[in-house]
Amino acid sequence: MFGNMLGNLVSVLLVLELISHTGCDICSKDSCRILQSQENHENQEYQEQEREARVKRMAFYRNGKEVAGQVSDTLDILLDKDRYNRQMRPPGENLDTSPVQVQINMAIRSMGPVDEVRELFSLDCYFRQSWTDTRLRFNTTGISELVLDWQFLTKIWKPDTTFLNGQKCYLHKITVPNRFIRISPSGRVSYSQRLTLWSKCPMYLGKFPFDSQSCSLEIGSYGYTSDDLTYEWALKPVSIDDLGLAQYHMTDLNYGVQTSPTKRKISSGFRTDSVAFLRFDFQRQSGFFLLGIYFPLTLIVMCSWVSFWIVKTDVPSRVSLGVTSLLSVTKVGFGGKAKPQIGYATALDVYTIICFFFSFAALLEFALINFIDTYFKRLKQWEQDNPEQARKRRDRFKRASSDLSSPPTSGSVLPPDHSSISKSSPKMAPDSSTTTSVSLGLAESPALNTTSFIPTPGQHDLTDPTPGLHTASSPCQDETQCGLRYRKDVKLDILELSDQNGKESNIEDDIKSRESIQSSTKPSLTNIIYSEGMVAVLEKIRGYIHYLRRIKSSFFPIWRHFALEGELGYEETQYVVDRIDEISRILFPAGFMLISFIYWSYYLYSE
């Protein structure tokens, strides 16, 4: 506008200058008079517009008394008791019963610490809210916004916003309460305050110190439902300064608003509230734990393996090294203050237990080889003091070794029936001088010779320390061994047929009489157990047992020497001890590396 006026004025001046140069005879006196009047009118309009602009510019430079009086008058009008009721919420944006829209945003200054014991996290922030209250609209010349003191909050309505999962919160009051309020002419109210709050954060620390935590901050109304008040985030909802968390770094930030039924109950049922949430995802920084706990524990376990290279005669060195390793693992792993006090095992606890187990196993390894050496020394001294008993013991071990080396013979086992056999059977010759042991595990052979007998466990004589089975040609060593006897230790019948006159008993006739008696009896549980199908299963089981015994004997060479002729293998005791140390030097590191690989793979890469 000013540009157009200046252009018109310049054109008028050019015309007048032209007239002055050409003379008044070019135009009449009337035309000159018209041009002068137009020039005066335009000058007056320009001066009035300049004066109005100057008044507007000088509105903010009025003295404080005038501004204070104008603001006071405006507030008196707005907060008139007959016009404004601060206990009632304002109407909606369309001046109806629609809910009030509260727009929120946060400026986070700092966060932390995160407390694992109480499951809390804290943050320091500026919390801002804004809403529209049409009852506070004003149109005062020269006032574009009312900037008011925090005490003015008691005069107007404000939303009862609360942190639903907050544990504790306080308002900063240095040097005055850190809050303010502003009102625009359209009735838009902006409310800001600085808060430090602690919020609840449920945590699972099973993967500590390689865990990730997700902590949320829930914001909602304490008394209003979603029918009266709703929340929404501003265009820039959250601004975060450089966070200085000691153990965590924030990996993600999510925000949103959800309107759904809650657990808060009213007379008509459960409330439907509008809740704004802010979710922080934290990843723990495990560098402190790797350097302060994991690395020392690994070195302590490796130090416990040094005992495998120390000779067994240096007992103080090996014992002190093992005990010191155990105490060090206990102190470093279980005595740290950085470990959370929870009721279940964490990843750190699992690794500490692994290190404790390997340190303790290294100490037990020395105890084992020391026991072996001491045992053989005492055994050798006992054999020197008791040569006769040592010879019998050596023979007994020899026979036991031969039994283990011979596989069991397949055959059938007859069901025992104690009531069907009598010591006074007419088929038995009372004058026989030899004893024939007939087992229920006889092979089904037509000749019924004694070499087809099945050696079942428990067929050894209780009075004979040597394992074995009496055959028809073996004489009774004791008169109490002759006759009919039931071996209770293995629950099998053994028929011992005696012939005091040196005649052989008719075994075949006795078996036939036994079968005839059994055929007349009713089927019993014992007959079912000793049927042909069960016998095959039992024979297979016995075969596996003998096979395992032979494997055990081959893997532990020191016990195999018990069955050798002559003196026991005392000379190989040192070899066995050294061999155990040699195996431990490979077995312990390999086992620890394998378990450590499984441990790190699980806790670092599993969800």
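This structure is a prediction, so every number in the text was calculated from the model and none was measured.

Draft legend 1. Here's a closer look at the overall build of the chain. When its secondary structure is counted, the chain shows twelve helices and 14 strands. Across the 607 residues in the chain, those meeting the buried criterion constitute 36%. The contacts in the chain between residues at least 6 apart in sequence include a share of 77% that link residues at least 24 apart. Total accessible area computed for the chain in this model is approximately 36500 Å², and 58% of it derives from carbon and sulfur atoms.

Draft legend 2. Looking closely at the sheet that holds strand β11 (residues 269–284). With respect to topology, four strands assemble into an open sheet ordered β4-β8-β11-β10, the strand pairing being antiparallel. A strand with exactly one partner marks an edge of an open sheet, and here the two such strands are β4 (161–163) and β10 (248–266). Mean inter-strand twist for the sheet, computed between neighbouring axes without regard to direction, equals 25°. The pairing of β4 with strand β8 (residues 212–221) spans three bridges and is antiparallel. Pairing of Phe163 across the sheet is with Ile219, part of β8.

Draft legend 3. Main features of the packing of aromatic side chains. A complete count under the given rule lists 29 aromatic pairs for this structure. For the pair Phe210 and Trp600, a centre-to-centre distance of 5.5 Å together with 70° between the ring planes defines the contact as edge-to-face. Of this pair, Phe210 sits in the loop between β7 (188–200) and β8 while Trp600 sits in helix α12 (residues 573–605); the two residues are 390 residues apart in sequence, bridging distant segments of the chain. Exposure remark for Phe210: the relative accessible area of 11% places this residue in the buried category. On the accessibility criterion, Trp600 (24% relative accessible area) is partly exposed. Ring geometry for Trp233 against Tyr255: centres 6.0 Å apart, planes inclined by 65°, an arrangement best described as edge-to-face. Pair noted here: Trp233 is in strand β9 (residues 229–240) and Tyr255 is in strand β10, with a separation of 22 residues, a long-range link. Overall, Trp233 belongs to the buried group, its relative accessible area being 11%. Positioned above the aromatic ring of Tyr84 is the side chain of Arg135, whose terminal nitrogen or guanidinium carbon lies 4.3 Å from the ring centre. Here the guanidinium or amino end of Lys168 rests over the ring plane of Trp198, the centre of that ring lying 4.4 Å away.

Draft legend 4. Local environment of the side chain of Ser274. Turning to its location among the elements, Ser274 is positioned in strand β11. Look at Ser274 and you get buried, because its relative accessible area is 3%. Polar side-chain contacts of Ser274 include one of 3.1 Å to the backbone nitrogen of Tyr231. Once you skip the residues sitting within four places of it in the chain, Ser274 turns out to touch Ile219, Gly220, Ser226, Leu229, Thr230, Tyr231, Val257, Gln258 and Thr259.

Draft legend 5. Structural view of the environment of Glu145. One can find Glu145 in the loop between β2 (120–132) and β3 (146–148). Between the alpha carbons of Glu145 and Pro185 there is a distance of 6.4 Å; along the sequence they are 40 residues apart. Aside from chain neighbours lying at most four places away, what touches Glu145 is Arg182, Ile183 and Ser184.

Draft legend 6. Fine view of a positive patch on the surface. The grouping of Lys81, Arg86, Lys155 and Lys158 at the surface amounts to a positive patch. Assignment of secondary structure puts Lys158 in the loop between β3 and β4. According to the relative accessible area criterion, Lys158 is partly exposed, its value standing at 34%.

Draft legend 7. Spotlight on the pattern of salt bridges. By the definition in use, this model includes 16 salt bridges. With a closest N to O distance of 2.9 Å, Asp124 and Arg194 form a salt bridge. Placement of the pair is Asp124 in strand β2 and Arg194 in strand β7, with a sequence separation of 70 residues. Residue class for Asp124 comes out buried when judged on its relative accessible area of 10%. The network of salt bridges with common partners includes Glu116, Asp211 and Arg284.

Draft legend 8. Region of the structure containing the packing of helix α4 (residues 287–304) against α12. Packing of α4 against α12 leaves a shortest axis separation of 12 Å and a crossing angle of 160°. Accordingly, the angle class assigned to the pair α4 and α12 is roughly antiparallel. Crossing of α4 over α12 shows right-handed handedness. Contact residues: Leu290, Tyr294, Thr298 and Val301 in α4; Phe592, Tyr599 and Trp600 in α12. A class-by-class count of the residues in the contact of α4 with α12 yields six nonpolar, one polar and no charged.

Draft legend 9. Spotlight on the environment of Asn85. Along the chain, Asn85 turns up in the loop between α3 (64–78) and β1 (100–115). In the structure, Asn85 is positioned 70 residues away from Lys155 in sequence and 9.1 Å away in space, judged by C-alpha atoms. Of note is the side chain of Asn85, whose polar atom sits 3.2 Å from the backbone nitrogen of Gln87.

Draft legend 10. Seen up close, the state of the cysteines. Going through the model one piece at a time under the given rule, you end up with one disulfide. Paired by a disulfide, Cys201 and Cys215 hold their sulfur atoms 2.0 Å apart. Between Cys201 and Cys215 the disulfide shows an S-S torsion of about -75°. By sign, it is left-handed. Of the two residues, Cys201 is situated in the loop between β7 and β8 and Cys215 in strand β8; the sequence distance between them amounts to 14 residues. Since its relative accessible area comes to 1%, Cys215 is described here as buried.

Draft legend 11. Up close: unusual backbone geometry. Following Ile174, the chain continues to Thr175 via a peptide bond in cis, the omega torsion being -5°. Considering the arrangement of structural elements, one finds Thr175 in the loop between β5 (166–171) and β6 (179–183). Here Phe208 and Pro209 are connected by a cis peptide whose omega angle stands at 10°. By secondary structure assignment, the location of Pro209 is in the loop between β7 and β8. For Glu119, which is not a glycine, the phi torsion comes out positive at approximately 55°.

About the criteria used
- In this numbering scheme, every chain counts its residues from 1 along its sequence in written order.
- Residues qualify for local features only when their pLDDT is at least 70, as the model is predicted, and side-chain atom pairs are given and counted only at 80 or more; totals for whole chains, interfaces and linings, by contrast, use all residues.
- Note: side-chain values were computed over all heavy atoms of the structure, leaving out hydrogens and water.
- The numbering of helices and of strands both runs from the N terminus, where a helix is a DSSP run of H or I of at least 4 residues and a strand a run of E of at least 2.
- Buried, partly exposed and exposed residues are distinguished by accessible area as a fraction of the type maximum, computed with a 1.4 Å probe on protein chains only: under 20%, between the cut-offs, and over 50%, respectively.
- Any pair of residues with heavy atoms lying within 4.5 Å of one another is described as a contacting pair.
- Accessible areas in this description were obtained via Shrake-Rupley with a 1.4 Å probe; residue shielding takes into account the shown protein chains only.
- Two strands form a pair only when DSSP identifies at least two bridges running between them.
- Lines fitted to C-alpha atoms define the axes here, with helix axes fitted over just the stretch in contact, and angles between the N-to-C directions of these axes take values from 0 to 180 degrees.
- Stacked, tilted and edge-to-face are the three classes applied to pairs of Phe, Tyr and Trp rings, where Trp contributes its six-membered ring and a pair requires centres within 6.5 Å; stacked means planes under 30 degrees apart, edge-to-face means over 60, and tilted covers the rest.
- Two thresholds decide whether a charge sits over a ring: the Lys NZ or Arg CZ must be within 6 Å of the ring centre and within 35 degrees of the ring normal.
- Residues adjacent in sequence count toward polar contacts only when both atoms are side-chain atoms; beyond that, a polar contact is any pair of N or O atoms within 3.5 Å, and within protein one must be able to donate a hydrogen and the other to accept it.
- Exposure above 30% relative accessible area and the lack of any salt bridge qualify a residue for a patch; like charges then connect within 9 Å, and the nonpolar side chains Val, Leu, Ile, Met, Phe, Trp and Tyr within 5 Å.
- Just to be clear on terms, a salt bridge is a Lys or Arg side-chain nitrogen sitting within 4 Å of an Asp or Glu carboxyl oxygen.
- In this count, Lys and Arg are taken as positive residues and Asp and Glu as negative ones, while His and the chain termini are left out.
- Here the site of a charge means atom NZ of a Lys, CZ of an Arg, CG of an Asp or CD of a Glu.
- The scheme is simple: roughly parallel for angles under 35 degrees, roughly antiparallel for over 145, roughly perpendicular for 65 to 115, oblique for anything else.
- By the definition used in this description, the sense in which the near helix is turned from the far one sets the handedness, with an anticlockwise turn below a right angle giving left-handed and a clockwise turn giving right-handed.
- Residues are grouped as follows: Ala, Val, Leu, Ile, Met, Phe, Trp, Tyr, Cys and Pro are nonpolar; Asp, Glu, Lys and Arg are charged; all remaining types, including Gly, are polar.
- By convention in this document, the label disulfide applies to cysteine sulfur atom pairs within 2.5 Å.

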